Amino acid sequence: MLAVPETSLQGLYIGSSPERSPVPSPPGSPRTQESCGIAPLTPSQSPKPEARAPQQALFSVVVAIDFGTTSSGYAFSFASDPEAIHMMRKWEGGDPGVAHQKTPTCLLLTPEGAFHSFGYTARDYYHDLDPEEARDWLYFEKFKMKIHSATDLTLKTQLEAVNGKKMPALEVFAHALRFFKEHALQELREQCPLMPEKDTVRWVLTVPAIWKQPAKQFMREAAYLAGLVSRENAEQLLIALEPEAASVYCRKLRLHQLVDLSSRTPGSGRLGERRSIDSSFRHAREQLRRSRHSRTFLVESGVGELWAELQAGNRYMVADCGEAPVDLTVHQLEATLTGTLKELYKASGGPYGAVGVDLAFEQLLGRIFGEDFVATFKRERPAAWVDLTIAFEARKRTAGPHRAGALNISLPFSFIDFYRKQRGHNVETALRRSSVNLVKWSPQGMLRMSCEAMNELFQPTVSGIIQHIEALLAQPEVQGVKLLFLVGGFAESAVLQHAVQAALGARGLRVVVPHDVSLTILKGAVLFGQAPGVVRVRRSPLTYGVGVLNRFVPGRHPPDKLLVRDGRRWCTDVFERFVAAEQSVALGEEVRRSYCPARPGQRRVLINLYCCAAEDARFITDPGVRKCGALSLDLEPANCGPDPAGASPGRREIRAAMQFGDTEIKVTAVDVSTNRSVRAAIDFLSN
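A few points on the structure. All values reported here derive from a predicted model rather than from experimental measurement.

## Re the overall build of the protein
No. 1: Looking only at helices and strands, the protein has 17 helices and 34 strands in total.
No. 2: For the protein, with 687 residues in total, the buried portion stands at 55%.
No. 3: Of the contacts formed within the protein by residues at least 6 apart in sequence, a portion of 70% connects residues at least 24 apart.

## Section: the pairing of strand S13 (residues 201-207)
No. 1: In terms of burial, S13 is largely enclosed, as 7 of its 7 residues are buried.
No. 2: In this sheet, strand S14 (residues 237-241) lies alongside S13 in parallel orientation, the contact comprising 5 bridges. Bridge assignment links Val 207 to a residue of S14, and that residue is Leu 241.
No. 3: Remark: the S13/helix H5 (residues 213-226)/S14 crossover connection has right-handed handedness.

## With respect to helix H16 (residues 494-504)
No. 1: Looking only at H16, the buried set comprises Ala 494, Val 495, Leu 496, Gln 497, Val 500, Gln 501 and Leu 504.
No. 2: Looking at the buried positions of H16, the neighbouring elements they touch are strand S16 (315-321), helix H15 (451-473), strand S22 (483-487) and strand S23 (510-514).
No. 3: Here H16 starts with a cap whose side-chain oxygen sits 3.2 Å from the backbone nitrogen of Val 495, and that cap is Ser 493.

## Side note on the sheet that holds strand S9 (residues 115-118)
No. 1: Here we have 3 strands laid out as an open sheet, ordered S9-S8-S10, and antiparallel in their pairing. Unpaired on one side and paired on the other, S9 and strand S10 (138-141) mark the two borders of the sheet. Here the strands of the sheet are splayed against their neighbours by 15° on average, with no regard to which way each runs.
No. 2: Of the pairings in the sheet, the one linking strand S8 (residues 106-109) to S10 comprises 4 bridges and is antiparallel in character. Considered in S10, the bridge of Leu 109 is made with Leu 138.
No. 3: Those strands touched by helix H1 (residues 120-128) are S8, S9 and S10, and its axis lies near 110° from that of S9.

## With respect to the nonpolar core
No. 1: Of all hydrophobic cores here, the largest spans 85 residues; its most connected members are Phe 140 and Trp 203.
No. 2: Considering each element in turn, this core owes the most residues, 12 residues, to helix H4 (residues 169-191).
No. 3: With near-sequence residues (within four places) excluded, Trp 203 lies in contact with Val 63, Ile 65, Lys 181, Ala 184, Leu 185, Leu 228, Val 229, Gln 236, Leu 237 and Leu 238.
No. 4: In this structure, Phe 373, Val 427, Val 478 and Leu 509 belong to the second largest nonpolar core, which totals 65 residues.

## Focus on the pattern of salt bridges
No. 1: A full pass over the atoms with the stated rule returns 32 salt bridges.
No. 2: Lys 142 is the partner of Asp 358 in a salt bridge, and the nearest nitrogen-oxygen pair spans 2.8 Å. With Asp 358 in helix H10 (residues 354-369) and Lys 142 in the loop between S10 and helix H3 (144-149), this residue pair connects regions lying 216 residues apart in the sequence.
No. 3: Ionic contacts of the salt-bridge type, sharing partners, join the residues Lys 142, Asp 358, Glu 393, Lys 396, Arg 397 and Glu 492 into one network.

## Let's talk about the environment of Arg 626
No. 1: Within the element layout of this structure, Arg 626 appears in strand S31 (residues 626-634).
No. 2: Residues Arg 626 and Cys 611, spaced 15 residues apart in sequence, show a C-alpha to C-alpha distance of 5.7 Å.
No. 3: Sequence-distant contacts of Arg 626, that is, excluding residues within four places in its chain, are made with Lys 212, Leu 542, Leu 609, Tyr 610 and Cys 611.

## Observations regarding the environment of Val 436
No. 1: As for its position among the elements, Val 436 is in the loop between helix H14 (427-433) and strand S20 (439-442).
No. 2: Separated by 17 residues in the primary sequence, Val 436 and Ala 453 place their C-alpha atoms 9.1 Å from one another.

## Overview of the packing of aromatic side chains
No. 1: For the structure shown, the criterion picks out 25 aromatic pairs.
No. 2: When the ring of Phe 377 is compared with that of Phe 415, the centres are 4.9 Å apart and the planes differ by 75°; the resulting orientation is edge-to-face. Separated by 38 residues along the polypeptide, Phe 377 in helix H11 (residues 371-380) and Phe 415 in helix H13 (residues 413-423) bring together distant segments of the chain. Each member of the pair, Phe 377 as well as Phe 415, is classed as buried.
No. 3: A network of ring pairs unites the aromatic residues Phe 369, Phe 373, Phe 377, Phe 415, Phe 418 and Tyr 419 as a single cluster.

Calculation notes
- Residues numbered from 1 in each chain as written.
- Predicted model: local features only at pLDDT ≥ 70, side-chain atom pairs only at ≥ 80, totals over all residues.
- Heavy atoms only, no water.
- Helix = DSSP H or I, 4+ residues; strand = E, 2+ residues; numbered from the N terminus.
- Buried < 20%, exposed > 50% of the residue type's maximum accessible area, 1.4 Å probe, protein only.
- Contact = heavy atoms within 4.5 Å.
- Pairing = 2+ DSSP bridges.
- Right-handed = clockwise from strand over helix to strand, strands pointing away.
- Polar contact = N/O pair within 3.5 Å; in protein donor to acceptor, adjacent residues only side chain to side chain.
- Axes fitted to C-alpha atoms, helices over the stretch in contact; angles between N-to-C directions.
- Core = buried A, V, L, I, M, F, W, Y, C linked by side-chain atoms within 4.5 Å.
- Salt bridge = Lys/Arg side-chain N within 4 Å of Asp/Glu carboxyl O.
- Phe/Tyr/Trp six-rings, centres within 6.5 Å; stacked < 30°, edge-to-face > 60°.

Listed below in structure tokens is the structure:
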């Protein structure tokens, strides 16, 4: 294989697959930028992927921030007692008499764009603003998923506040993360006055597992801007995948900390009314008695009782049902003394979360009062719209499949008044004229929704979640899964729990819910920060590689890819694969490639990266293959004299090692002639 990169490569790629014969590169290839001619260098064989144990830095405390779509919070634990997880102090605001261990993901900025408040404080202050004054303030809510949905995410991506004004998304996220940083450090200072802050805290940020690399990098850039960590100490920040974090936590749980939905009392609506899972595993206990020796290591290694009751090697699924989206992962508990986990299928998900119920409610209002009116009301009375969504959220949480009474949702006075001024008649008239029969008007100023009407709002979202779980269970790689953990804020919904159990329980799947279901991801992220190697093997979600030139083979390569230079025949645009979609990649496993700067004194090598969902793409021009980022190698000035190996003056080999088995794609590089590290980075936000 000739390994000459395509257009954006400012240097010679010299790694090759063992089964192909490397040949020198053609000078002046049109697939190379004009500013850097390709310098010939005898190609070297690229070694097979090598697993290298990741080195762990020492930190005094781990602080995890669960940055959710509608609610967020933080927790921490000390290295001296890593499994003693301390939840954040109760947040101010919210409903009186209710303990809140998370706060709404709401950010309020002044009309000048300066930080004002976050969480309940932001929500309540914005609520109390005069309607005319509120139009000048920048209030952001549910903005997390805008990063995932953005098809062209960059560092300049803009977010729109409730009032329609825009500001850079990076600044919005940085404001929020800086708030959590200051809040957490203040609490740590109060608990440990003598603990130095610098370089003693490992930070963990949670993101959905289905987020692509640009979104993960964006969160890291926001953390840099917020001052959580510096670029020089990048290892001080970990990105944790939300369903993975939940899985890490669930494997530690005892039986009395779980609820088996199959054993729930008929007609029960709340989690606390269901029986514990303990009785469901009596048969497993009998099996354990017969073969106790083979499972003793599970208990001794600290793995939860649930896993000690089951055999090592069992497979289970975690469904993170948050506000948006649903995020699924399938793990296998490995038969090791450390109880590590192996991912069996790449993370998958879809736009099915509690936000879908909110959107259905908004559509219902549009059917009653007119979509144009709802859009105008949101724009002209943003604070009142927030009040209405809060009122609906409170009633949504009480919905249940067996509820008999209607649900009353308060309409803000400004909604009623604004509608009368806009339409010339009152909201009661609008309800009578609409085709919505299951929603009535209450003289107390409320929408009176029947249980049927509320359940209809849930139906599309709940059906989407169930269908996605069923589709994943049908994959050959996950056959044998018998246990499903429902986690995330939406998993508290009795409507969702009942529907999932009814649909999947009949096929032998045991559906289990942790008691602290809304905090599962947050607590798991803390445990992940203390032991990042707990997930030992992951599946690559995409195929990654670069574009290269190969020796042209008639009958194998299409004629339109033929390039002739200096009498040599080359095939252009060949997709040289680093890792394939669905390929199992171990933590610390490296894919190595070597590159040579094209010119003496060249200070930077830039290589375009491509990705696709298919495993068998041949060319970077194939359908579905797209440029997704760039690998950059920043070089120091080199000694232009002959190197020890006797190569021509100025020739340098830069060996890059990429890791695809972590939550982020990582790269390191070394100058072979000096054995000194080279600054290497992969930028997924440059597109």
